[in-house]
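The primary structure of each chain is shown beneath.
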Amino acid sequence: MNGDTARTRQAWSVLIVSTWAFTVCFMVWMMFGVIGIPIRQMLNLNATQFGLLTATPVLTGSLVRVPLGIWTDRYGGRIVMTLLMAATVPAIWLMAYATQFWHFLVIGLFVGLAGGSFSVGTPYVARWFPKQRQGMAMGVYGAGNSGSAVNKFVAPVILVAFGWQMVPQVYAAIMAGTVLLFWLFSHSDPAHLVPNQVGFAQQLQALKDPRVLKYCQYYSIVFGGYVALALWMVQYYIGEYGLDIRLAALLAACFSLPGGVLRAVGGVLSDRYGAHKVTWWVLWVSWVCLFLLSYPKTQFTVSAVDGPRSFTIGLNVYAFTALMAVLGVAFAFGKASVFKYIADDYPTNIGAISGIVGLAGGLGGFVLPILFGALLDLTGIRSSAFMLLYGVVWVSLIWMYWTEVRRTDVLRGAGPAEPSPAH
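Residues numbered from 1 in each chain as written. Predicted model: local features only at pLDDT ≥ 70, side-chain atom pairs only at ≥ 80, totals over all residues. Heavy atoms only, no water.

Looking at the overall build of the protein chain
Logical step 1: When its secondary structure is counted, the protein chain shows 20 helices and two strands.
Logical step 2: The C-alpha atoms of the protein chain give a radius of gyration of 22 Å, which matches the 22 Å a tight globule of 423 residues would have.
Logical step 3: Each of the three principal axes of the protein chain carries a C-alpha extent, and together these read 80 × 70 × 40 Å.
Logical step 4: The long-range share in the protein chain, meaning contacts at least 24 apart out of those at least 6 apart in sequence, stands at 84%.
Logical step 5: For the protein chain, the exposed area adds up to about 17,600 Å²; of that, 68% sits on carbon and sulfur atoms. (Helix = DSSP H or I, 4+ residues; strand = E, 2+ residues; numbered from the N terminus. Rg over C-alpha atoms; globule rule 2.2 N^0.38 Å. Contact = heavy atoms within 4.5 Å. Areas by Shrake-Rupley, 256 points an atom, 1.4 Å probe, with all protein chains shown as cover.)

A short note on the pairing of strand E1 (residues 298-304)
Logical step 1: As defined by bridge partners, E1 adjoins strand E2 (residues 307-313) across seven bridges and the pair is classed as antiparallel. Bridged to Thr301 within E2 is Ser310.
Logical step 2: Between E1 and E2, which follow one another and run antiparallel, lie two residues. (Pairing = 2+ DSSP bridges.)

Some remarks on unusual backbone geometry
Logical step 1: With a phi angle near 55 degrees, Asn44 is a residue other than glycine that sits in the positive phi range.
Logical step 2: In this structure, Asn44 sits in the loop between helix H2 (32-43) and helix H3 (47-63).

Quick notes on the packing of aromatic side chains
Logical step 1: Applying the stated criterion across every chain, the model contains 38 aromatic pairs.
Logical step 2: Ring centres of Tyr237 and Phe320 lie 5.4 Å apart, and the angle between their planes is 85 degrees; this geometry places the pair in the edge-to-face category. Within this pair, whereas Tyr237 is found in helix H13 (residues 224-241), its partner Phe320 is found in helix H17 (residues 317-345), the two being separated by 83 residues in sequence.
Logical step 3: By relative accessible area, which is 1% here, Tyr237 ends up buried.
Logical step 4: Ring plane angle 75 degrees and centroid distance 6.3 Å describe the contact between Phe255 and Phe331, whose orientation is recorded as edge-to-face. Remark: Phe331 occurs in helix H17 and Phe255 occurs in helix H14 (residues 245-261); sequence separation between them is 76 residues. (Phe/Tyr/Trp six-rings, centres within 6.5 Å; stacked < 30°, edge-to-face > 60°. Buried < 20%, exposed > 50% of the residue type's maximum accessible area, 1.4 Å probe, protein only.)

Some points on the confidence of the model for the protein chain
A low pLDDT means the predicted coordinates there should not be read in detail.
Logical step 1: Summarising the model, the protein chain shows a mean pLDDT of 85, and 91% of its residues fall at 70 or more.
Logical step 2: Within the protein chain, helix H20 (residues 409-412) has the poorest average pLDDT of any element, 41, and helix H10 (residues 166-185) the best, 95.
Logical step 3: Across residues 409-423, confidence stays below pLDDT 50; counting only partners more than four residues off in sequence or on other chains, it has 15 contacts. (pLDDT = per-residue confidence, 0-100.)

Re a nonpolar patch on the surface
Logical step 1: There is a patch of nonpolar side chains on the surface, built from Trp20, Trp71, Tyr75, Ile79, Leu83, Leu180, Leu181, Trp183, Leu184 and Phe185 and spanning about 1,000 Å² of accessible area.
Logical step 2: Of all the elements in the fold, those that place two or more residues in the nonpolar patch are helix H4 (65-75), helix H5 (77-94) and H10.
Logical step 3: Per element, the largest residue contribution to the nonpolar patch is five residues, and it comes from H10. (Patch = residues over 30% accessible without salt bridge, like charges linked within 9 Å, V, L, I, M, F, W, Y side chains within 5 Å. Salt bridge = Lys/Arg side-chain N within 4 Å of Asp/Glu carboxyl O.)

Describing the packing of helix H7 (residues 117-126) against helix H8 (residues 134-142)
Logical step 1: Put simply, H7 and H8 touch, their axes get as near as 9 Å, and they point 145 degrees apart. When the axes of H7 and H8 are compared, the crossing they make is right-handed. Residue-level contacts link Ser117, Phe118, Gly121, Thr122, Val125 and Ala126 of H7 to Gln134, Ala137, Met138, Tyr141 and Gly142 of H8.
Logical step 2: Its residues assigned to classes, the contact of H7 with H8 comprises six nonpolar, five polar and no charged. (Axes fitted to C-alpha atoms, helices over the stretch in contact; angles between N-to-C directions. Left-handed = near helix turned anticlockwise from the far one by under 90°. Nonpolar A, V, L, I, M, F, W, Y, C, P; charged D, E, K, R; others polar.)

Details of helix H12 (residues 210-222)
Logical step 1: The end-to-end C-alpha distance of H12, which contains 13 residues, comes to 19 Å, matching closely the 18 Å that a straight helix rising 1.5 Å per residue would cover.
Logical step 2: Across the 13 residues of H12, 10 count as buried, placing the element largely inside the fold.
Logical step 3: Turning to H12, its buried residues are Val212, Lys214, Tyr215, Cys216, Gln217, Tyr218, Tyr219, Ser220, Ile221 and Val222. (Expected span 1.5 Å × (residues − 1).)

Let's talk about the side chain of Arg127
Logical step 1: If you trace the backbone, Arg127 turns up in the loop between H7 and H8.
Logical step 2: At 2.7 Å, the side chain of Arg127 and the side chain of Asp73 are in polar contact. (Polar contact = N/O pair within 3.5 Å; in protein donor to acceptor, adjacent residues only side chain to side chain.)

Given below as structure tokens:
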């Protein structure tokens, strides 16, 4: 019994300290969502260049996810996470001394390594818990996405008080302290290592599995869309509603915070009701929210019996923020449910598969801000970002219907047996 108690204590210690580490990593990863605004003014960037600036760290954090997931299977999450975080500290500090656009892009690539922490921590914490609680464990760990909201609370205060250059310096100090804290309170278990010598190319063979491709598509929405909007929303509020950077960041956090913290709730719901049901409802809620968010402010005049009358249709800042909060909750549940699919379908290969799916989600977070900027430059319509996401969600709903929902007994009428509950 004492052994079981010690094991449980170690499991929760690993989960807590790993979640804190991931929160800090995500805060650093999303740094350009706030400091990118004064940098954009300083360098006179257009919307597409701003999208590239904010997305650059996301690219590296995405590309390293597959090797990091494999290394976690092979060497253990404790050593891989510690080395990964330590490697980002110098780059974060150097960000304060960048003066040209290419400086920010190059340094941003190295800062982006912090985003790879997801593929380390997910299999690391999952293996410390029994199968029936892995959804909860991965959901709690994934709540570290709330680092995006922490960034929106912390960075504007530092920026206004001391200038944007102080933000990366403070973040570098926080990351260095987190490295020490993580090493002191995390643990290793040799039984968690996967004793194979499968190479990267062989692991990537999993992409031939249609289920993996489908999970990549889902995750490119719920995670890639979350990252992209978290980076885009502060400047959206400033441009669309004329808010100052502190209020804009505070309102943007209404999307980022539930989108991170409630991932743990999504994990519990996925354990209880199954990954399929949770993901299905997530996609429908997202579809409705994005439809409403896509409609641009419109002014029109009609001929009435007493003369022309003008009307304006559009979301005010309160309705917009409320819809973004609902979308954030949906994305939080979806991020957890996708990884519940992975834990159920690939229990012995969580690290590699989560790395591949995480790569797809991260690449979504890289491509989408650039597309947001390009669409804004092309159309001049800010809500075009939501129009793009609306179309992507539509594709996923159709894909899920044909591969999962359509195969249920209810929809195909499987014999005279009593119908099963609707999925």
